[in-house]
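# An overview of the molecular structure
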Amino acid sequence: MPRIIDVRSDTVTQPTPAMLEAMLQAEVGDDVFGEDETVNELQRAAAELFGKETGLFCPTGTMSNQVGIKVHTQPGDEVICDELSHIYLNEGGGIAANSGASVRLLRGHNGRFTAEQVRDNINRRDDSHLPWTRLVAVENTVNKGGGSCWDLRELERIRSVCTENDMAMHLDGARLFNALVARNESPRDYGRLFDTISICLSKGLGAPAGSLLLGSRALIAKAHRQRKLLGGGMRQAGYLAAAGLFALEHNVKRLQEDHAKAKVLEAELRSLPYVCSVLPVETNIVIFTLQEHLSAEAFLKQLQHQQVRALSMGRQSIRFVFHLDVSDAQLEMLLQALRGIGVPAP
Ligand SMILES: Cc1ncc(COP(=O)(O)O)c(C=O)c1O
(Lines give C-alpha, C1' and ligand atoms only; values in the text may rest on other atoms or scores of the structure.)
Protein backbone atom coordinates (compact mmCIF):
# COMPACT_ATOMS: atom_id res chain seq x y z
CA MET A 1 0.00 0.00 0.00
CA PRO A 2 1.44 3.44 -0.93
CA ARG A 3 2.49 5.40 2.15
CA ILE A 4 1.09 8.66 0.86
CA ILE A 5 -2.68 9.05 0.84
CA ASP A 6 -3.29 11.32 -2.11
CA VAL A 7 -6.79 12.76 -2.00
CA ARG A 8 -6.01 15.99 -3.84
CA SER A 9 -8.03 14.87 -6.84
CA ASP A 10 -9.47 11.83 -8.60
CA THR A 11 -7.05 12.59 -11.44
CA VAL A 12 -4.06 11.14 -9.57
CA THR A 13 -4.93 7.46 -10.14
CA GLN A 14 -2.49 5.02 -11.71
CA PRO A 15 -3.75 2.64 -14.42
CA THR A 16 -4.23 -0.88 -13.03
CA PRO A 17 -2.40 -3.87 -14.56
CA ALA A 18 -5.69 -4.95 -16.21
CA MET A 19 -6.15 -1.51 -17.77
CA LEU A 20 -2.53 -1.49 -18.96
CA GLU A 21 -3.05 -4.92 -20.51
CA ALA A 22 -6.11 -3.64 -22.41
CA MET A 23 -4.00 -0.72 -23.65
CA LEU A 24 -1.24 -3.04 -24.80
CA GLN A 25 -3.69 -5.16 -26.76
CA ALA A 26 -5.27 -2.15 -28.53
CA GLU A 27 -5.54 -2.10 -32.30
CA VAL A 28 -4.34 1.34 -33.33
CA GLY A 29 -4.03 3.48 -36.44
CA ASP A 30 -3.67 7.13 -37.36
CA ASP A 31 -6.68 8.83 -35.83
CA VAL A 32 -6.10 12.05 -37.76
CA PHE A 33 -6.99 9.94 -40.82
CA GLY A 34 -9.87 8.42 -38.83
CA GLU A 35 -8.09 5.07 -38.96
CA ASP A 36 -7.74 4.20 -35.30
CA GLU A 37 -10.33 1.51 -34.76
CA THR A 38 -10.09 1.68 -30.98
CA VAL A 39 -10.76 5.42 -30.96
CA ASN A 40 -13.64 4.86 -33.37
CA GLU A 41 -15.05 2.17 -31.13
CA LEU A 42 -14.80 4.36 -28.02
CA GLN A 43 -16.50 7.28 -29.80
CA ARG A 44 -19.27 4.94 -30.99
CA ALA A 45 -19.73 3.25 -27.62
CA ALA A 46 -19.88 6.49 -25.62
CA ALA A 47 -22.29 8.12 -28.11
CA GLU A 48 -24.52 5.04 -28.02
CA LEU A 49 -24.52 5.05 -24.22
CA PHE A 50 -25.86 8.62 -24.14
CA GLY A 51 -28.12 8.25 -27.19
CA LYS A 52 -26.08 10.76 -29.19
CA GLU A 53 -25.19 10.37 -32.86
CA THR A 54 -21.45 10.45 -32.46
CA GLY A 55 -18.48 11.51 -30.34
CA LEU A 56 -15.02 13.00 -30.52
CA PHE A 57 -12.07 11.81 -28.46
CA CYS A 58 -10.09 14.70 -26.97
CA PRO A 59 -6.97 14.61 -24.84
CA THR A 60 -8.47 16.60 -21.96
CA GLY A 61 -11.74 17.71 -20.45
CA THR A 62 -10.70 21.30 -20.94
CA MET A 63 -10.41 20.72 -24.67
CA SER A 64 -13.73 18.93 -25.01
CA ASN A 65 -15.45 21.74 -23.07
CA GLN A 66 -13.76 24.48 -25.05
CA VAL A 67 -14.52 22.82 -28.37
CA GLY A 68 -18.10 22.27 -27.17
CA ILE A 69 -18.50 25.98 -26.34
CA LYS A 70 -16.94 27.00 -29.64
CA VAL A 71 -19.31 24.97 -31.80
CA HIS A 72 -22.33 26.71 -30.27
CA THR A 73 -21.12 30.31 -30.30
CA GLN A 74 -19.85 33.17 -32.47
CA PRO A 75 -17.54 35.92 -31.17
CA GLY A 76 -19.75 38.46 -29.40
CA ASP A 77 -22.21 35.86 -28.11
CA GLU A 78 -22.76 35.19 -24.43
CA VAL A 79 -22.59 32.01 -22.39
CA ILE A 80 -24.61 31.55 -19.19
CA CYS A 81 -22.93 29.50 -16.47
CA ASP A 82 -22.55 29.33 -12.71
CA GLU A 83 -19.92 31.39 -10.93
CA LEU A 84 -18.32 28.18 -9.62
CA SER A 85 -18.03 26.53 -13.00
CA HIS A 86 -14.79 24.99 -14.20
CA ILE A 87 -15.25 26.40 -17.72
CA TYR A 88 -15.20 29.90 -16.24
CA LEU A 89 -12.73 29.60 -13.36
CA ASN A 90 -10.27 26.93 -14.42
CA GLU A 91 -9.90 26.81 -18.17
CA GLY A 92 -7.52 29.73 -18.55
CA GLY A 93 -10.12 32.22 -19.76
CA GLY A 94 -10.73 29.90 -22.70
CA ILE A 95 -14.30 31.07 -23.31
CA ALA A 96 -12.93 34.51 -24.17
CA ALA A 97 -9.71 33.32 -25.79
CA ASN A 98 -11.12 30.50 -27.93
CA SER A 99 -14.68 31.56 -28.61
CA GLY A 100 -14.57 35.35 -28.17
CA ALA A 101 -17.72 35.01 -26.10
CA SER A 102 -18.65 36.86 -22.93
CA VAL A 103 -19.96 35.13 -19.83
CA ARG A 104 -23.08 35.85 -17.76
CA LEU A 105 -22.36 34.41 -14.35
CA LEU A 106 -25.18 33.12 -12.20
CA ARG A 107 -24.95 32.62 -8.46
CA GLY A 108 -26.52 29.23 -7.93
CA HIS A 109 -26.77 26.90 -4.97
CA ASN A 110 -23.46 25.01 -4.78
CA GLY A 111 -23.06 25.49 -8.53
CA ARG A 112 -26.65 24.76 -9.54
CA PHE A 113 -28.93 27.51 -10.83
CA THR A 114 -32.61 27.53 -11.79
CA ALA A 115 -34.55 27.87 -15.02
CA GLU A 116 -35.91 31.19 -13.70
CA GLN A 117 -32.36 32.52 -13.29
CA VAL A 118 -31.60 31.51 -16.87
CA ARG A 119 -34.77 33.14 -18.16
CA ASP A 120 -33.97 36.37 -16.28
CA ASN A 121 -30.50 36.58 -17.85
CA ILE A 122 -31.26 36.11 -21.53
CA ASN A 123 -30.61 39.19 -23.61
CA ARG A 124 -33.15 40.39 -26.16
CA ARG A 125 -31.94 39.82 -29.68
CA ASP A 126 -33.69 42.87 -31.09
CA ASP A 127 -31.39 45.22 -29.16
CA SER A 128 -28.07 45.52 -30.99
CA HIS A 129 -26.27 46.73 -27.84
CA LEU A 130 -26.54 43.35 -26.22
CA PRO A 131 -24.52 40.19 -26.73
CA TRP A 132 -26.65 37.32 -27.97
CA THR A 133 -27.23 34.71 -25.30
CA ARG A 134 -26.49 31.51 -27.17
CA LEU A 135 -25.52 28.85 -24.69
CA VAL A 136 -26.22 27.59 -21.19
CA ALA A 137 -23.41 25.49 -19.74
CA VAL A 138 -24.01 23.20 -16.79
CA GLU A 139 -21.48 21.23 -14.73
CA ASN A 140 -22.51 17.89 -13.21
CA THR A 141 -21.26 17.00 -10.68
CA VAL A 142 -20.18 20.47 -9.60
CA ASN A 143 -16.55 20.25 -8.55
CA LYS A 144 -16.44 23.44 -6.47
CA GLY A 145 -19.96 22.75 -5.19
CA GLY A 146 -18.57 19.75 -3.28
CA GLY A 147 -19.45 17.21 -5.98
CA SER A 148 -23.10 18.25 -5.88
CA CYS A 149 -25.58 16.74 -8.35
CA TRP A 150 -28.20 18.51 -10.41
CA ASP A 151 -31.88 17.72 -10.19
CA LEU A 152 -32.94 16.30 -13.55
CA ARG A 153 -36.29 18.12 -13.37
CA GLU A 154 -34.54 21.49 -13.11
CA LEU A 155 -32.43 20.58 -16.12
CA GLU A 156 -35.61 19.75 -18.03
CA ARG A 157 -36.99 23.19 -17.15
CA ILE A 158 -33.75 24.84 -18.31
CA ARG A 159 -33.96 22.84 -21.55
CA SER A 160 -37.43 24.25 -22.19
CA VAL A 161 -36.16 27.81 -21.63
CA CYS A 162 -33.28 27.17 -24.04
CA THR A 163 -35.53 25.71 -26.71
CA GLU A 164 -37.98 28.62 -26.42
CA ASN A 165 -35.11 31.08 -26.82
CA ASP A 166 -33.11 29.36 -29.56
CA MET A 167 -30.23 28.54 -27.21
CA ALA A 168 -28.07 25.46 -26.89
CA MET A 169 -27.09 23.50 -23.78
CA HIS A 170 -23.63 22.12 -23.06
CA LEU A 171 -22.83 19.78 -20.18
CA ASP A 172 -19.42 19.71 -18.53
CA GLY A 173 -19.78 16.12 -17.41
CA ALA A 174 -16.21 15.64 -16.24
CA ARG A 175 -17.74 13.71 -13.31
CA LEU A 176 -21.13 12.93 -14.82
CA PHE A 177 -20.78 9.22 -14.06
CA ASN A 178 -20.52 10.07 -10.36
CA ALA A 179 -23.87 11.85 -10.62
CA LEU A 180 -25.44 9.00 -12.61
CA VAL A 181 -24.37 6.46 -9.99
CA ALA A 182 -25.32 8.64 -7.02
CA ARG A 183 -28.76 9.50 -8.39
CA ASN A 184 -29.39 6.21 -10.17
CA GLU A 185 -29.97 8.03 -13.47
CA SER A 186 -29.46 6.91 -17.04
CA PRO A 187 -26.94 8.48 -19.45
CA ARG A 188 -29.79 8.80 -21.95
CA ASP A 189 -31.63 11.19 -19.59
CA TYR A 190 -28.73 13.55 -20.22
CA GLY A 191 -28.31 12.71 -23.90
CA ARG A 192 -31.83 13.88 -24.66
CA LEU A 193 -31.45 17.18 -22.77
CA PHE A 194 -28.06 18.46 -23.86
CA ASP A 195 -26.82 19.40 -27.33
CA THR A 196 -23.26 18.54 -26.36
CA ILE A 197 -21.86 16.56 -23.45
CA SER A 198 -18.26 16.39 -22.36
CA ILE A 199 -17.28 13.36 -20.25
CA CYS A 200 -13.88 12.64 -18.71
CA LEU A 201 -12.22 9.25 -18.56
CA SER A 202 -9.26 10.34 -16.45
CA LYS A 203 -11.10 11.36 -13.27
CA GLY A 204 -13.13 8.89 -11.23
CA LEU A 205 -13.00 6.37 -14.08
CA GLY A 206 -9.24 5.98 -13.66
CA ALA A 207 -7.91 6.20 -17.24
CA PRO A 208 -4.57 8.00 -17.69
CA ALA A 209 -5.98 10.59 -20.12
CA GLY A 210 -8.91 11.34 -22.35
CA SER A 211 -12.28 12.95 -22.64
CA LEU A 212 -15.13 12.74 -25.13
CA LEU A 213 -17.41 15.34 -26.64
CA LEU A 214 -20.75 13.83 -27.65
CA GLY A 215 -23.37 15.37 -29.91
CA SER A 216 -25.08 15.32 -33.29
CA ARG A 217 -23.10 14.45 -36.41
CA ALA A 218 -23.27 18.08 -37.57
CA LEU A 219 -21.95 19.49 -34.29
CA ILE A 220 -19.21 16.90 -33.96
CA ALA A 221 -18.07 17.61 -37.55
CA LYS A 222 -17.58 21.24 -36.48
CA ALA A 223 -15.92 20.06 -33.26
CA HIS A 224 -13.47 17.95 -35.26
CA ARG A 225 -12.17 21.07 -36.99
CA GLN A 226 -12.00 23.01 -33.71
CA ARG A 227 -10.05 20.21 -32.07
CA LYS A 228 -7.58 20.47 -34.94
CA LEU A 229 -7.21 24.21 -34.38
CA LEU A 230 -6.39 23.58 -30.73
CA GLY A 231 -3.78 20.98 -31.68
CA GLY A 232 -5.81 18.10 -30.28
CA GLY A 233 -5.64 15.71 -33.24
CA MET A 234 -3.69 12.70 -31.99
CA ARG A 235 -2.27 9.81 -33.97
CA GLN A 236 -2.21 6.30 -32.40
CA ALA A 237 -4.56 7.50 -29.69
CA GLY A 238 -6.14 4.05 -29.52
CA TYR A 239 -3.82 3.13 -26.65
CA LEU A 240 -5.56 5.81 -24.59
CA ALA A 241 -8.97 5.00 -26.01
CA ALA A 242 -8.49 1.38 -24.93
CA ALA A 243 -8.03 2.60 -21.36
CA GLY A 244 -11.24 4.60 -21.79
CA LEU A 245 -13.19 1.59 -23.02
CA PHE A 246 -11.85 -0.46 -20.13
CA ALA A 247 -12.85 2.32 -17.69
CA LEU A 248 -16.40 2.53 -19.05
CA GLU A 249 -16.79 -1.21 -18.72
CA HIS A 250 -15.20 -1.76 -15.32
CA ASN A 251 -15.00 1.46 -13.33
CA VAL A 252 -18.44 3.04 -13.40
CA LYS A 253 -20.40 0.99 -10.85
CA ARG A 254 -17.57 1.02 -8.35
CA LEU A 255 -17.83 4.82 -8.07
CA GLN A 256 -20.34 4.14 -5.29
CA GLU A 257 -17.42 2.88 -3.18
CA ASP A 258 -15.78 6.31 -3.48
CA HIS A 259 -19.07 7.96 -2.55
CA ALA A 260 -19.42 5.76 0.52
CA LYS A 261 -15.92 6.70 1.68
CA ALA A 262 -16.68 10.38 1.17
CA LYS A 263 -19.78 9.99 3.37
CA VAL A 264 -17.71 8.43 6.16
CA LEU A 265 -15.28 11.33 5.97
CA GLU A 266 -18.14 13.85 5.99
CA ALA A 267 -19.51 12.36 9.23
CA GLU A 268 -16.05 12.47 10.82
CA LEU A 269 -15.44 16.07 9.79
CA ARG A 270 -18.75 17.17 11.29
CA SER A 271 -17.52 15.89 14.66
CA LEU A 272 -14.11 17.60 14.61
CA PRO A 273 -13.73 20.83 16.63
CA TYR A 274 -11.64 22.68 14.06
CA VAL A 275 -14.15 22.22 11.22
CA CYS A 276 -16.51 25.12 10.65
CA SER A 277 -18.74 23.72 7.88
CA VAL A 278 -18.91 20.87 5.39
CA LEU A 279 -20.67 21.04 2.04
CA PRO A 280 -23.30 18.28 1.78
CA VAL A 281 -21.61 15.19 0.33
CA GLU A 282 -23.33 13.38 -2.52
CA THR A 283 -20.48 11.90 -4.51
CA ASN A 284 -16.68 11.55 -4.20
CA ILE A 285 -15.76 15.15 -3.29
CA VAL A 286 -15.65 16.55 0.24
CA ILE A 287 -15.15 20.29 0.74
CA PHE A 288 -15.03 21.83 4.19
CA THR A 289 -14.00 25.07 5.83
CA LEU A 290 -11.87 25.52 8.91
CA GLN A 291 -12.68 27.61 11.98
CA GLU A 292 -11.85 31.25 11.48
CA HIS A 293 -8.45 31.33 13.20
CA LEU A 294 -7.05 28.49 11.06
CA SER A 295 -5.52 28.71 7.62
CA ALA A 296 -5.82 26.06 4.93
CA GLU A 297 -2.11 26.36 4.24
CA ALA A 298 -1.07 25.50 7.82
CA PHE A 299 -3.65 22.73 8.01
CA LEU A 300 -2.42 21.12 4.79
CA LYS A 301 1.14 21.21 6.11
CA GLN A 302 0.05 19.32 9.21
CA LEU A 303 -1.75 16.77 7.07
CA GLN A 304 1.30 16.36 4.89
CA HIS A 305 3.32 15.41 8.00
CA GLN A 306 0.81 12.57 8.43
CA GLN A 307 1.34 11.45 4.81
CA VAL A 308 -1.94 12.92 3.56
CA ARG A 309 -2.10 15.19 0.53
CA ALA A 310 -5.22 17.31 0.08
CA LEU A 311 -5.95 20.55 -1.78
CA SER A 312 -6.71 24.07 -0.67
CA MET A 313 -9.82 25.61 -2.23
CA GLY A 314 -9.30 29.05 -0.74
CA ARG A 315 -7.92 30.66 2.42
CA GLN A 316 -9.84 28.37 4.78
CA SER A 317 -11.32 25.77 2.55
CA ILE A 318 -10.00 22.24 1.91
CA ARG A 319 -10.94 19.57 -0.63
CA PHE A 320 -10.61 15.80 -0.41
CA VAL A 321 -11.49 13.63 -3.41
CA PHE A 322 -11.93 9.86 -3.26
CA HIS A 323 -10.92 7.63 -6.12
CA LEU A 324 -10.03 4.06 -6.97
CA ASP A 325 -6.54 4.29 -5.49
CA VAL A 326 -7.77 5.02 -1.96
CA SER A 327 -8.31 1.78 -0.05
CA ASP A 328 -10.46 1.15 3.04
CA ALA A 329 -7.29 0.96 5.12
CA GLN A 330 -6.16 4.33 3.79
CA LEU A 331 -9.52 5.86 4.63
CA GLU A 332 -9.05 4.63 8.20
CA MET A 333 -5.54 6.14 8.27
CA LEU A 334 -6.92 9.42 6.94
CA LEU A 335 -9.54 9.53 9.73
CA GLN A 336 -6.82 8.83 12.31
CA ALA A 337 -4.68 11.60 10.84
CA LEU A 338 -7.56 14.07 11.07
CA ARG A 339 -8.29 13.10 14.67
CA GLY A 340 -4.64 13.57 15.53
CA ILE A 341 -4.30 17.09 14.19
CA GLY A 342 -3.52 19.60 16.91
CA VAL A 343 -4.79 23.09 16.22
CA PRO A 344 -4.04 26.28 18.15
CA ALA A 345 -6.88 27.53 20.33
CA PRO A 346 -8.58 30.69 19.00
C1 LIG B 1 -15.57 19.93 -13.58
C2 LIG B 1 -14.37 19.82 -14.44
N3 LIG B 1 -14.46 20.06 -15.75
C4 LIG B 1 -13.41 19.97 -16.58
C5 LIG B 1 -12.18 19.63 -16.10
C6 LIG B 1 -11.01 19.62 -17.06
O7 LIG B 1 -10.43 18.40 -17.22
P8 LIG B 1 -8.89 18.28 -17.70
O9 LIG B 1 -8.08 18.45 -16.47
O10 LIG B 1 -8.83 16.90 -18.28
O11 LIG B 1 -8.63 19.32 -18.71
C12 LIG B 1 -12.00 19.37 -14.74
C13 LIG B 1 -10.67 19.02 -14.21
O14 LIG B 1 -10.46 18.78 -13.06
C15 LIG B 1 -13.11 19.47 -13.87
O16 LIG B 1 -13.02 19.27 -12.57
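Just above, that's the structure.
Model, not experiment: these values are computed from the prediction.

## Digging into the overall build of the protein
Within the protein, the secondary structure is distributed over 14 helices and 13 strands. The C-alpha radius of gyration computed for the protein amounts to 21 Å, which stays within 12% of the reference 20 Å derived for 346 residues, consistent with globular compactness. For the C-alpha atoms alone, the extent of the protein along its principal axes is close to 60 × 55 × 35 Å. Burial statistics for the protein: of 346 residues in total, 53% are counted as buried. Excluding contacts between residues fewer than 6 apart, the proportion of contacts in the protein whose partners are at least 24 apart in sequence is 73%. Per element, the accessible surface of the protein, about 15,000 Å² overall, is 51% carbon and sulfur. For the protein, the separation between the mean place of its 37 positive charges and that of its 42 negative charges on side chains is 3 Å.

## Thoughts on the pattern of salt bridges
Scanning the model with the defined rule gives 23 salt bridges in all. Between E156 and R192 there is a salt bridge, with the nearest N and O atoms lying 3.1 Å from each other. One end of the pair, E156, is in helix α7 (residues 152-164); the other, R192, is in helix α9 (residues 187-193), and 36 residues separate them in sequence. Among the ionic contacts, a cluster of salt bridges with common partners joins E156, D189 and R192.

## Considering the sheet that holds strand β4 (residues 102-106)
Read from one edge to the other, the open sheet built from 7 strands follows the order β2-β8-β7-β6-β5-β3-β4, with strand pairing classed as mixed. This sheet does not close on itself; its edge strands, each paired only once, are β2 (54-58) and β4. Averaged over all adjacent pairs, the angle separating strand axes in this sheet is 20°, with direction ignored. Note: strand β6 (residues 168-173) against strand β7 (residues 196-200), 4 bridges, orientation parallel. Residue pairing across strands places L171 opposite I197, the latter belonging to β7.

Calculation notes
Residues numbered from 1 in each chain as written. Predicted model: local features only at pLDDT ≥ 70, side-chain atom pairs only at ≥ 80, totals over all residues. Heavy atoms only, no water. Helix = DSSP H or I, 4+ residues; strand = E, 2+ residues; numbered from the N terminus. Rg over C-alpha atoms; globule rule 2.2 N^0.38 Å. Buried < 20%, exposed > 50% of the residue type's maximum accessible area, 1.4 Å probe, protein only. Contact = heavy atoms within 4.5 Å. Areas by Shrake-Rupley, 256 points an atom, 1.4 Å probe, with all protein chains shown as cover. Lys, Arg positive; Asp, Glu negative; His and termini not counted. Charge placed at Lys NZ, Arg CZ, Asp CG, Glu CD. Salt bridge = Lys/Arg side-chain N within 4 Å of Asp/Glu carboxyl O. Pairing = 2+ DSSP bridges. Axes fitted to C-alpha atoms, helices over the stretch in contact; angles between N-to-C directions.

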